[in-house]
Amino acid sequence: ERMQFNETQLYIFAFSNTRLDIFDEDGAAVTNLTGQPWSATTMWEMRLDTNGDTTIITHKDFAMKKLLRTGASTFTIADFAFEAHSSGYPRYHPFYKFADPAITITPSATSGSGVTLTASADHWTSAHVGSIVRVGTTPKECDVTAYTSATVVEVTVRETLANTDATVDWDENVFSAANGYARSVVFHQQRLWFGGSRDLSSNIWSSKKGAYFNFDVGTALADQSIQVDIGTSLVNEIRHLHSG
């Protein structure tokens with residue numbers, strides 16, 4: 001894969017088992033990044049796209065990566081970080097209710113840590129630790145901190161909940177260890193797009209226009225995030241996106 005930063009600076013990305021080597025246009029080594037989540041097998045399933053100094057790398061089984069050119073011979077790599085409100089919350093992830101629509105959750109308190117969310121049927125797994133759960137008709141965020149059982153997790157409430165009533169109005173962040181990550185990525189028309197995830201294979205999500213790390217649907221204005229299932233009568237799996 002190659003990255004063209006400008007007319008005179010071209011980089012070649014060489015992926016191998018848990019490693020990325022970066023070369024310049026003459027083939028000279030620039031830097032290497034080790035300890036990466038891909039293997040010699042999974043790297044062939046990855047997708048990536050570049051805009052300016054930023055490259056996004058995706059695979060359904062590990063968190064999206066942001067590869068950033070910080071200088072002519074320096075690069076950093078980190079998990080993709082979604083934007084948040086200036087106060088820290090809410091965080092502008094895409095969200096979805098993966099559980100059956102009839103399943104309710106009941107919070108044990110409206111604020112604080114060590115609060116339990118009890119589901120009316122089995123849903124939780126240990127992989128949910130680290131996920132974000134939103135509760136209520138006006139969604140308020142909770143961070144899952146511990147797994148107790150298939151019906152109970154502990155959370156830290158980040159935004160005070162309206163009440164402790166059982167509710168069907170709740171959802172989870174789309175991209176997580178519990179639900180998988182984006183399969184494909186592309187920059188297109190001033191938006192960043194993710195296509196398909198492990199558990200939502202036919203869905204597509206865009207950032208807000210001109211805000212590549214903000215996936216807030218807001219009130220569905222023209223410049224806000226677009227999130228849709230393109231499923232038809234066939235089982236679809238989005239594996240690649242192309243800007244054309």
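Report follows, based on the coordinates. (Residues numbered from 1 in each chain as written. Predicted model: local features only at pLDDT ≥ 70, side-chain atom pairs only at ≥ 80, totals over all residues. Heavy atoms only, no water.)

**Things to note about the sheet that holds strand β5 (residues 47–51)**
Taken together, the four strands give an open sheet; going across it, the order is β5-β6-β7-β8, and neighbouring strands pair in antiparallel fashion. The sheet is open, and its two edges are formed by β5 and β8 (74–79), each paired on a single side. Pairwise comparison of adjacent strand axes, ignoring direction, gives a mean angle of 20 degrees for this sheet. For strand β7 (residues 62–71) and β8, the ladder comprises six bridges, and the chain directions are antiparallel. Its bridge partner lying in β8, leucine 67 is registered against isoleucine 77. (Pairing = 2+ DSSP bridges. Helix = DSSP H or I, 4+ residues; strand = E, 2+ residues; numbered from the N terminus. Axes fitted to C-alpha atoms, helices over the stretch in contact; angles between N-to-C directions.)

**What about the pattern of salt bridges?**
For the structure shown, the criterion picks out ten salt bridges. Note that glutamate 237 is salt-bridged to arginine 183, the shortest N-O span being 3.3 Å. Note that glutamate 237 is positioned in the segment after β19 (227–229) and arginine 183 in strand β16 (residues 182–188), a separation of 54 residues in sequence. You can call glutamate 237 partly exposed: its relative accessible area is 36%. What you see here is one network of salt bridges that share partners, running through Arg91, Glu141, Asp143 and Arg158. (Salt bridge = Lys/Arg side-chain N within 4 Å of Asp/Glu carboxyl O. Buried < 20%, exposed > 50% of the residue type's maximum accessible area, 1.4 Å probe, protein only.)

**Digging into the sheet that holds β19**
An order of β16-β17-β18-β19 is seen for the four strands of this open sheet, with the pairing classed as antiparallel. Across the chains shown, the open sheet's two edge strands, defined by having one partner strand only, are β16 and β19. Mean inter-strand twist for the sheet, computed between neighbouring axes without regard to direction, equals 15 degrees. Sheet analysis places strand β18 (residues 203–206) next to β19, joined by three bridges and oriented antiparallel. Within the sheet, the bridge partner assigned to asparagine 203 lies in β19 and is aspartate 229.

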